[in-house]
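Read off the chains here:
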Amino acid sequence: DHGAAAPYKLALNQGRKWATDEPLRAGMGRIRGLVEPQLGVAHADKLTPAQYRELATQVETEVGGIVANCKLEPKADAMLHRVIADIGAGTDTMAGKDAKTRPALGLVKVAQAVNQYGSHFDHPGFKPIRNVH
């Protein structure tokens, strides 16, 4: 279960980024593409609850594809589960499952998780999401 990770700290693989495969790189690239253009709109408070829910569903669909198709060695997979747990927490907030937290903060959490992926996994050409607050 990708959502059952305990508190953790992402780590590198003996100082190097973790290996990735094509399904992971493609899925994370699509998640980045979904999230990045929405941050400015969210910061301007221009996304409706329905738009947040739709975006959360789109991100969750990509995560499902990663989980179904990505085949990493066990230690890299364990690190990826930590990133996916953060993405899941963010999409839950975006979908309104945490009434005490604004959906925009869920979007920020997803963006931060995408950037953590980029700094811990070997994904040639990956660009971090800018202006994540």
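As shown above, the structure is provided for reference.
This section reports on the structure supplied with the text. Sequence order as written defines residue numbering, which begins from 1 separately in each chain. In view of the model being predicted, local features appear only for residues whose pLDDT reaches at least 70, and side-chain atom pairs are presented and counted only at 80 or more, with totals across whole chains, interfaces and linings using the full set of residues. Hydrogens and water are ignored here; the side-chain numbers use all heavy atoms of the structure.

Glancing now at the overall build of the chain. Secondary structure elements are defined from DSSP: runs of H or I of at least 4 residues count as helices, runs of E of at least 2 residues count as strands, and each element is numbered from the N terminus. Along the chain, the regular secondary structure elements total four helices and zero strands. Going from the N terminus to the C terminus, the chain shows its helices and strands as α-α-α-α. Its C-alpha atoms give the chain a radius of gyration of 14 Å, within 12% of the compact-globule value 14 Å for 133 residues. Buried positions account for 38% of the 133 residues belonging to the chain. Note on definitions: a residue-residue contact is assigned when non-hydrogen atoms from the two residues lie within 4.5 Å. Within the chain, counting contacts between residues at least 6 apart in sequence, those at least 24 apart form 76% of the total. Every accessible area reported is derived by Shrake-Rupley at a probe size of 1.4 Å, with residue values counting cover from the shown protein chains alone. Of the roughly 7,300 Å² that the chain leaves accessible, carbon and sulfur atoms contribute 52%. Only four residue types enter the tally: Lys and Arg on the positive side, Asp and Glu on the negative side; His and the chain ends are excluded. One atom stands in for each charge, and that atom is NZ of Lys, CZ of Arg, CG of Asp or CD of Glu. When the 17 positive and 14 negative side-chain charges of the chain are each reduced to one mean point, those points stand 5 Å apart. Our radius of gyration is a C-alpha quantity, and the globule rule it is checked against amounts to 2.2 Å times the number of residues to the power 0.38. Three labels apply to residues, based on accessible area from a 1.4 Å probe with only protein chains included: buried if under 20% of the type maximum, exposed if over 50%, partly exposed otherwise in between.

Moving on, we get to the packing of aromatic side chains. The relation between two aromatic rings is expressed through the spacing of the ring centres and the mutual angle of the planes. Ring pairs shown here join Phe, Tyr and Trp side chains whose ring centres sit within 6.5 Å, with only the six-membered ring taken for Trp; geometry is labelled stacked below 30 degrees between planes, edge-to-face above 60, and tilted in between. Per the stated rule, a full pass over the model turns up two aromatic pairs. Centroid distance tyrosine 117 to phenylalanine 121: 5.4 Å. Interplanar angle 20 degrees. Geometry classified as stacked. Each member of the pair tyrosine 117 and phenylalanine 121 is classed as buried. On the numbers, 5.5 Å between centres and 80 degrees between planes, the contact of tyrosine 117 with phenylalanine 126 is edge-to-face. Looking at tyrosine 117, the relative accessible area reads 0%, which means it is buried. On the basis of relative accessibility, which here comes to 16%, the residue phenylalanine 126 falls in the buried class.

For the rest of this paragraph, the subject is the packing of helix H1 (residues 22-43) against helix H4 (residues 103-120). Where H1 contacts H4, the two axes come as close as 9 Å, and the packing angle between them is 140 degrees. The angle between H1 and H4 falls in the class oblique. The element H1 and its partner H4 pack so that their crossing is left-handed. Between H1 and H4, the contacting residues are Leu24, Arg25, Met28, Ile31, Arg32, Val35, Gln38, Leu39, Ala42 and His43 on the first element and Ala104, Leu107, Val108, Val110, Ala111, Val114 and Tyr117 on the second. When residues are grouped by polarity, Ala, Val, Leu, Ile, Met, Phe, Trp, Tyr, Cys and Pro land in nonpolar, Asp, Glu, Lys and Arg in charged, and all others, Gly among them, in polar. Here the contact of H1 with H4 is built from residues that sort into 13 nonpolar, two polar and two charged. To define axes, lines are fitted to C-alpha atoms, for helices over the stretch in contact only, and angles between the resulting N-to-C directions are given on a 0 to 180 degree scale. Geometric relationships in this document are graded by angle, where less than 35 degrees denotes roughly parallel, more than 145 denotes roughly antiparallel, 65 to 115 denotes roughly perpendicular, and other angles denote oblique. Helix crossings are classified by the rotation of the near helix relative to the far one: an anticlockwise turn of less than a right angle makes the crossing left-handed, while a clockwise turn makes it right-handed.

Interpretation note: all reported values are geometric properties and have no functional meaning in isolation.
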